Amino acid sequence: MSENNPMRDVFDAIADPTRRRLIQLLAEAEAEEIPLHELTAQFQMGRTAVSKHLTILKEAGLVLDRKVGRETRFRLNASPLREIQDWVGFYSKFWSANMLRLNQLFEEEEE
């Protein structure tokens, strides 16, 4: 995180498999929010470790939290994932166009 941009990079946030799993759990949640203890139960690590991963996701804007009494509940904010979708979409078009050109070259050589 830089001084100019307090948000953590979304790509950095999703680089870790544990954080991707947390995103998946929050996305699949029928209830809009999941308490920390329920998220922790899905992993073979302690509450502190899960909290650290959630903090990184929160810094990237991917997770929102809310205190309810002594409990913290989390929910997904998927809008920052659009940056990743746009990036992947660009390269998907790039590779499709290149594969089309490659096929055309093969067809020309066969003639």
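Just so we're clear, the structure is a prediction, and the values are computed from it rather than from any experiment.

Cut-offs and rules
Residues numbered from 1 in each chain as written. Predicted model: local features only at pLDDT ≥ 70, side-chain atom pairs only at ≥ 80, totals over all residues. Heavy atoms only, no water. Helix = DSSP H or I, 4+ residues; strand = E, 2+ residues; numbered from the N terminus. Rg over C-alpha atoms; globule rule 2.2 N^0.38 Å. Buried < 20%, exposed > 50% of the residue type's maximum accessible area, 1.4 Å probe, protein only. Contact = heavy atoms within 4.5 Å. Areas by Shrake-Rupley, 256 points an atom, 1.4 Å probe, with all protein chains shown as cover. Lys, Arg positive; Asp, Glu negative; His and termini not counted. Charge placed at Lys NZ, Arg CZ, Asp CG, Glu CD. Pairing = 2+ DSSP bridges. Axes fitted to C-alpha atoms, helices over the stretch in contact; angles between N-to-C directions.

Novice: So what exactly am I meant to see when it comes to the overall build of the chain here?
Specialist: Helix and strand counts for the chain come out as five helices and three strands. The helix and strand sequence of the chain, counted from the amino end, reads α-α-β-α-α-β-β-α. Taking 111 residues into account, the globule formula puts the C-alpha radius of gyration at 13 Å, and the chain, at 20 Å, lies well above it. Here the C-alpha coordinates of the chain stretch approximately 75 × 35 × 25 Å along the principal axes. Within the chain, the fraction of its 111 residues that count as buried is 26%. Partitioning the intrachain contacts of the chain with sequence separation of at least 6 by distance along the chain shows that 54% fall at a separation of at least 24. Surface summary for the chain: the accessible area is close to 8,100 Å², and the carbon and sulfur share equals 51%. Here the chain carries 15 positive and 19 negative side-chain charges, and the mean point of each set is 13 Å from the other.

Novice: What is the right way to read the sheet that holds strand 2 (residues 63-68) from this model?
Specialist: Whether parallel or antiparallel, the strands of a sheet pair through hydrogen bonds between backbone atoms. If you trace the three strands from one edge of the open sheet to the other, you get 1-3-2, paired in antiparallel fashion. Unpaired on one side and paired on the other, strand 1 (34-35) and strand 2 mark the two borders of the sheet. This element, helix 2 (residues 17-28), spans strand 1, strand 2 and strand 3 (71-76) of the sheet and lies at about 85° to strand 3.

Novice: How should the environment of L26 be read in this particular structure?
Specialist: Of note, L26 is situated in helix 2. You can call L26 buried: its relative accessible area is 5%. Sequence separation between L26 and Q104 is 78 residues, and the spatial gap between their C-alpha atoms is 44 Å. Aside from chain neighbours lying at most four places away, what touches L26 is I34, L39, V63, F74, R75 and L76.

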